[in-house]
Structures are given as structure tokens and as C-alpha cells.
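Examining the three-dimensional arrangement
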Amino acid sequence: MGIFDKFKLGLSKSSKNISSGLNDLIFKRKIDKNMLDELEDFLIQSDVGTESARELREKFANTKIDPKNSEKDKIFKIFSSYVCEILKPLEKNLENLNENKPNVILIAGVNGVGKTTTIGKLGKILGQNNKKIVFGAADTFRAAAVDQLEIWAKKINADIIKSEEGADPASVAYKSLEHAKNNNFDYLLIDTAGRLQNKKNLMDEFKKITKVIKKIDSHAPHETFLILDATTGQSAINQVEEFKKITPITGIIMTKLDGTAKGGILLAIGKKFKLPIVALGMGEKEDDLQKFNSEYFSDALMHS
Ligand SMILES: Nc1nc2c(ncn2[C@@H]2O[C@H](COP(=O)(O)OP(=O)(O)OP(=O)(O)O)[C@@H](O)[C@H]2O)c(=O)[nH]1
Ligand SMILES: [Mg+2]
């Protein structure tokens, strides 16, 4: 399957919702205030964000669509060009990361969003061309988290540095960077816990992890990727706001786009925070993480 086909398949719930919604609203109707109000409401319900919904409304208001013809292509083009225009500058190229060796990538996000799974899939992408990958199992909150990461390490042929349940996450992060450095690894991906009791604990833990790894490499972590679950809708916006206060975010990975009809949330987040977008999760398997491509995303979103 080609990459665009993967985007189409992964986004099929969203594209079905958005393209059929737009089609139903605009098909053989005059562009008048009623129709534009309905359109704006529909877009807000699709999680694209109020600002984008308003701007899209303006674009449709200023477009001449002949109600005798459905002009579906014209309608879809307005939408996908708008999405692409906003998201294109946010594309983050994974190929440019390996100037630092080892490149240390800290993975953040609340519990259940897909951190561990994404580390596995990201490790597979970064491990192409014989790049050496090590995982740091700094989610020591529960033993199962380490086991899960270990399964991924085996699957994609990565090393893993771990400790016992309840161990200090910062010490695991330190040991894993030491290992990565001494053994000439290209990438270190550090898993973290998302289920700490409160924000203060989470903040302290991130501070401690970054402080100790800086003792080995003052530039580490080179990247901090925030994982967001697309199925959580608006709460993903709050998560970005909260994590930005805890640690600088250098990229976003949105997971579970295959499980929602509201993939428009990526647009809302892109528009609001203008953070780089690294990749999209569209399934649970090892090849189900796609490097972010704004054209594929915006075209696939309009593919009915
Ligand atoms: N459909 C789908 N499921 C996903 C995707 N990414 C992750 N999952 C599933 O989401 C669930 C949670 O994923 P984890 O990787 O364990 O999430 P986590 O953030 O590490 O969770 P905690 O360690 O508990 O905080 C698992 O069942 C994954 O298989 C995705 O892109 N699509
Ligand atoms: Mg996990």
C-alpha cells in the first residue's frame, strides 16, 4: 500500500464525516446566512476549532458555487487547501534529527495516549538505514509498562535499559543515555509515565529527568515529543497547554486517528499552538505510524 493510501485508510472515519457533511450542507444549496451558520456549526462539531470554522465560513461565503451543479471538487478544494496552508509550515522532518549522536528524544503525554506504542513505531522508522536505537524505560510506575516496551524493543531490534518497578525514572534516563553514548547509538527514546498523581509530581519528574541527562549531554533532550490521542478531542488542547508549562515541546505526534471521525482536531491544535507535527498514529501495528505530510493529510481528509 502506498503512503497516501495509508493516510486515506487511517483517516477514513474523519473523511467520511467531513466530506459527506460538507457535501450534504452545500449540495444544491444557495450560499446564504442559514447555510453558512450550519456550515460553521458542523465544522466546530468536527473539532477543527472555532477560529478555523470561522475562517472557512468566510472562504465559502466569498466563493461562487453554482447551486445547479454540486461543484463538489471546488468545495473540497477550498477545505483541503485551507488545512494544508495551516499545517504545511508545521511539518517536522525526522531525517534532520540525527545531527546529534545520540539524539535524545523524550516522550511525554498523559496516560493511555499511546506513548509506549509510539516509541516502538517511531523506533522502527528511525532505525532504518542501520541506525542504532535504544529505549529508556523511564516509566517505572508499573512493571507492565516496562514489559510492553521490552516487547517493542525485541520487535524492532532495539536495545532497552530498564530498572525495577518504582525505581527513580531519572536514574533510568541517566543510565540509558550513558549506555547510548558509550555504545555509539544514534537515538535514545525515553518513555515516561503519564499517570502521576498530580501536575506538580509530573513537573518535578520531568525536571529531574532533564537535569540528570544534561550532566552527560548539555543539549539533551534534543527533542521532547508530546503524544496526543485524537479520540480525546478538545481535551487534547488542554493537554498541550498543561505540558507546555512543564517542558518545552519540540514536536507533536497525534495517535489513534484511525479511531475517530474528528481528525479535524489536528487542525485546531496546529492553528492554536503552531508546534511542529512529527507523525500520525493510524493503527496499533508497527507500520501504523506515518511521518507527517500536510498534503497527504489534507487531501485524505477530503477523500470520500
Ligand atoms: N487504533 C489505534 N490504537 C493505538 C494507536 N496508538 C496506540 N494505540 C493503542 O492505545 C493503547 C494505549 O497505548 P500505550 O502505548 O500503552 O499508551 P501509553 O501512553 O504508553 O499508556 P500508559 O503507559 O498507560 O500511560 C494501546 O492499546 C495501543 O495499542 C493508534 O494510532 N491507533
Ligand atoms: Mg506506556
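For the structure itself, look to the data block above.
Below, the structure is looked at part by part. (Residues numbered from 1 in each chain as written. Chains lettered and ligands numbered in written order. Predicted model: local features only at pLDDT ≥ 70, side-chain atom pairs only at ≥ 80, totals over all residues.)

The helix and strand tally for the protein stands at 12 helices and eight strands. Its C-alpha atoms give the protein a radius of gyration of 21 Å, near enough to 19 Å, the size a compact globule of 304 residues would have. Dimensions along the principal axes, computed over C-alpha positions, put the protein at roughly 70 × 40 × 30 Å. Relative to its full complement of 304 residues, the protein shows a buried share of 44%. (Helix = DSSP H or I, 4+ residues; strand = E, 2+ residues; numbered from the N terminus. Rg over C-alpha atoms; globule rule 2.2 N^0.38 Å. Buried ≥ 20, exposed ≤ 12 C-beta atoms within 10 Å, placed from the backbone.)

Of all the five residues making up strand β6 (residues 251-255), five are buried; the element is thus mostly covered by neighbouring parts of the structure. Where burial is concerned, the two faces of β6 agree: the one with Gly251, Ile253 and Thr255 and the one with Ile252 and Met254 are both buried. For the segment spanning strand β5 (residues 223-229), helix α10 (residues 235-246) and β6, crossover handedness is right-handed. Here β6 pairs with strand β7 (residues 277-281) via three bridges, running parallel. Bridge assignment links Ile252 to a residue of β7, and that residue is Ile277. Read from β6 through helix α11 (residues 265-273) to β7, the crossover connection turns out right-handed. (Right-handed = clockwise from strand over helix to strand, strands pointing away. Pairing = 2+ DSSP bridges.)

If you trace the eight strands from one edge of the open sheet to the other, you get β3-β2-β4-β1-β5-β6-β7-β8, paired in mixed fashion. Each edge of the sheet is formed by a strand with only one pairing partner; in this case those strands are β3 (159-161) and β8 (289-291). Put simply, the sheet's adjacent strands are angled 25° from each other on average, direction ignored. Bridge count for strand β1 (residues 103-108) against strand β4 (residues 187-191) is four bridges, and the pairing is parallel. Residue pairing across strands places Val104 opposite Leu188, the latter belonging to β4. Of the strands in this sheet, β1, β2 (133-137), β4, β5, β6, β7 and β8 touch helix α6 (residues 115-126), which is tilted by about 170° from β4. (Axes fitted to C-alpha atoms, helices over the stretch in contact; angles between N-to-C directions. Contact = placed C-beta atoms within 7 Å.)

With that settled, consider the environment of Gly194. Structurally, Gly194 is set in the loop between β4 and α9 (199-216). Among residues more than four places away in sequence, those in contact with Gly194 are Gly109, Val110, Asn111, Val113 and Lys115.

Right, let's talk about unusual backbone geometry for a bit. Here Lys101 and Pro102 are connected by a cis peptide whose omega angle stands at -5°. Along the chain, Ala220 connects to Pro221 via a cis peptide bond; the corresponding omega equals -5°. Position of Pro221 relative to the elements: it lies in the loop between α9 and β5. Its identity as a non-glycine residue notwithstanding, Asp47 has a phi of 70°, on the positive side.

Neighbouring ligand 1 are 21 residues, the closest being Asn111, Gly114, Lys115, Thr117 and Gly281. Counting residues per element, the shell around ligand 1 draws most heavily on α6, at three residues. Looking at the shell around ligand 1 residue by residue, the classes come out as three nonpolar, 11 polar and seven charged. (Near = placed C-beta within 6 Å. Nonpolar A, V, L, I, M, F, W, Y, C, P; charged D, E, K, R; others polar.)

A separate point is α9. For α9, spanning 18 residues, the distance from its first C-alpha to its last is 27 Å, which sits close to the expected 26 Å at 1.5 Å a residue. Those residues of α9 lying buried are Leu202, Glu205, Phe206, Ile209 and Ile213. Around the axis of α9, the buried residues are gathered within 95° of arc, so they sit on the same side. Exposed side chains of α9 directed beyond 90 degrees from the buried face belong to Lys200, Lys211 and Lys215. Looking at the buried residues of α9, the elements they touch are β1, α8 (169-182) and α10. (Expected span 1.5 Å × (residues − 1). Arc of directions from axis to C-beta.)

Formed by 85 residues in total, the largest nonpolar core has its most connected members in Leu188 and Leu189. For Leu188, the residues in contact, after removing those within four places along its chain, are Pro102, Val104, Ile105, Val134, Gly136, Ser176, Leu177 and Ala180. (Core = buried A, V, L, I, M, F, W, Y, C linked by C-beta atoms within 7 Å.)

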